[in-house]
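Residue-level listing of the chains:
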Amino acid sequence: MESARIHITGIVQGVGFRPYVYGLASRHSLNGFCLNDSEGVVIEVQGGSIGPFLDELEKSPPPLARIDSIRIERLENGTEYEDFTIRESRIVPGKSVLVSPDMAVCPDCLREMLDPADRRHLYPFINCTNCGPRYSIVLDIPYDRPNTTMAGFRMCPECEHEYHDPANRRFHAQPNACPACGPSAWMHGNEGIKNYAAIEEAGKLLKEGAVVAVKGLGGFHLACDAMDPIAVSTLRERKRRSNKPFALMVPDLDSAKLICEVSPEEGYALLDRTRPIVLLRKKALSGIDEAAAPGNSRFGVMLPYTPLHHLLLRASALKALVMTSGNLSEEPIVISNREALDKLSKLADSFLLHDRDIYAGGRFDCRSSGKRMA
Ligand SMILES: [Zn+2]
Ligand SMILES: [Zn+2]
């Protein structure tokens, strides 16, 4: 019988690391436990042979993880375990850990979201172990639901079941939610209508040329139809952003190709899991209003990264939205509903809000790398 304790640091919280270790240990018939602590992940394993488990752990960690260090202690006369479990997180005062950046909705969740038979059909807060909000909802470490802005949403029995089922792709997904128990979206002033019905209303207003403030993952965007000259110049006037280009959001890669030249490398960049804004060369007859990026040969383009953004593009059926950040030039980014209603009322005609609070992510640009929480 061999046994070892393993300490791992890096981006290992909020990336499905514990469920992954659970699966790996079962495959290698090992007992023990794993948990998040204030530095990363701690694992104890014991069984006939732990070498192959360690090899696989190092060589193929879960796709969103980044291992910075692994420390292995061989244990003599370790405790005997009867199974493998995920244990309560452990807090070590004064330590810090890297929290995963927010991740674009994954293909599996997108498929479910568009399936009329699925219980999360058209639900704007669908997520799983491989996608969804992370950094923008973390209040404290370790990354566990009570330490996120999801703490106030009590999972319904179905969500709870998924969360505890090792075979489910939402096993230990901290922001797990559904229309019955999770956050919802609404148009300000019309709180009775929720989620996709509210997003449809926002889509209709965008089509009519309105500027809509949209609460996203890490803050607010001001959105309008990028092909509507009046809407775009209205937004530009209101924002008092003389010539700075506005970022654009298009439904998918093919739509980006309709308005811009997209090289294979630029295509990859657009599809990166953090969905960055990529500067692309304008096409001559793009249809995008010149005022979106006056005198500029390029557009800053991004693909939708949250389910809500996907649904907004679907509901509006627009080919491209201006999506510019909702802060006034030098002021800090607007993150709460009340602040947004206060500060953006002169800029936006209406507000698409939701009740999943934005925390740390709203204060930093966190979409490109792991951030250290102390
Ligand atoms: Zn997913
Ligand atoms: Zn639920």
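Residues numbered from 1 in each chain as written. Chains lettered and ligands numbered in written order. Predicted model: local features only at pLDDT ≥ 70, side-chain atom pairs only at ≥ 80, totals over all residues. Heavy atoms only, no water.

**What about the overall build of the protein?**
From N to C terminus, the protein includes 11 helices and 17 strands. Seen through its C-alpha atoms, the protein measures out along the principal axes to roughly 75 × 45 × 40 Å. When each of the 374 residues of the protein is scored for burial, the buried share is 55%. Taking all contacts inside the protein whose residues are at least 6 apart in sequence as the whole, residues at least 24 apart take part in 73%. A total of about 16,600 Å² of accessible surface is found on the protein, and carbon and sulfur atoms cover 50% of it. Of the charged side chains in the protein, 45 are positive and 48 negative, and the gap between their average positions amounts to 5 Å. (Helix = DSSP H or I, 4+ residues; strand = E, 2+ residues; numbered from the N terminus. Buried < 20%, exposed > 50% of the residue type's maximum accessible area, 1.4 Å probe, protein only. Contact = heavy atoms within 4.5 Å. Areas by Shrake-Rupley, 256 points an atom, 1.4 Å probe, with all protein chains shown as cover. Lys, Arg positive; Asp, Glu negative; His and termini not counted. Charge placed at Lys NZ, Arg CZ, Asp CG, Glu CD.)

**Structural notes on unusual backbone geometry**
You will see that Arg275, though not glycine, has its phi angle at about 45 degrees, which is positive. Within the element layout of this structure, Arg275 appears in the loop between helix H8 (264–271) and strand E13 (278–282). Positive phi, normally seen in glycine, also occurs at Ala317, with a value near 55 degrees. Checked against the element boundaries, Ala317 lands in the loop between helix H9 (307–316) and strand E15 (321–325).

**Focus on the coordination of the zinc ion (ligand 2)**
Put simply, the ideal angle at a metal is 109.5 degrees for four donors in tetrahedral geometry and 90 or 180 degrees for six donors in octahedral geometry. Within the protein, the zinc ion (ligand 2) binds to Cys156 (SG), Cys159 (SG), Cys178 (SG) and Cys181 (SG); these donor distances fall in the range 2.2 to 2.3 Å. Bound by 4 donor atoms, the zinc ion (ligand 2) shows angles of 105 to 117 degrees at the metal and therefore tetrahedral coordination geometry. (Donors = N, O, S within 2.8 Å, 3.2 Å for Na, K, Ca; no water. Tetrahedral: all angles 85-135°; square planar, octahedral: opposite > 155°, others 65-115°.)

**Looking at the coordination of the zinc ion (ligand 1)**
With distances of 2.3 to 2.4 Å, the protein atoms coordinating the zinc ion (ligand 1) are Cys106 (SG), Cys109 (SG), Cys128 (SG) and Cys131 (SG). Going along the chain, you hit the donors of the zinc ion (ligand 1) in the pattern C-x2-C-x18-C-x2-C. A residue is classified by how much of its surface remains accessible, and Cys131, at 0% relative accessible area, is buried.

**Observations regarding the nonpolar core**
Judged by nonpolar contacts, the single largest core of 46 residues is most densely connected at Val212, Leu312 and Leu352. Per-element accounting of this core gives the leading share, 6 residues, to helix H5 (residues 195–207). Counting the residues that make up this core, at least three belong to each of domain 2 (99–183 + 369–374) and domain 3 (185–355). Residue contacts for Leu352: discarding those within four places in its chain leaves Ala185, Trp186, Met187, Ala198, Ile199, Ala202, Val212, Ala213, Val214, Lys215, Leu308 and Leu312. (Core = buried A, V, L, I, M, F, W, Y, C linked by side-chain atoms within 4.5 Å. Domains from an automatic or database assignment.)

**Examining the pattern of salt bridges**
When the charged atoms of two side chains with opposite charge come close together, those side chains can pair. For the structure shown, the criterion picks out 14 salt bridges. Here Asp108 makes a salt bridge to Arg111, at a shortest N to O gap of 2.5 Å. Taken together, the residues span about one helical turn, with Asp108 and Arg111 both in helix H3 (residues 107–113) at a distance of 3 residues. Its relative accessible area of 54% is what places Arg111 among the exposed residues. Here Arg170 and Glu112 are joined by a salt bridge, their closest N and O atoms 2.8 Å apart. Placement of Arg170 in the loop between helix H4 (157–164) and strand E7 (185–187) and of Glu112 in helix H3 is noted, with a sequence separation of 58 residues between them. For the pair formed by Arg170 and Glu112, the shared burial category is buried. Among the ionic contacts, a cluster of salt bridges with common partners joins Arg119, Arg120, Glu158 and Glu162. (Salt bridge = Lys/Arg side-chain N within 4 Å of Asp/Glu carboxyl O.)

Fair warning: the whole summary comes from geometry, so function is off the table for now.
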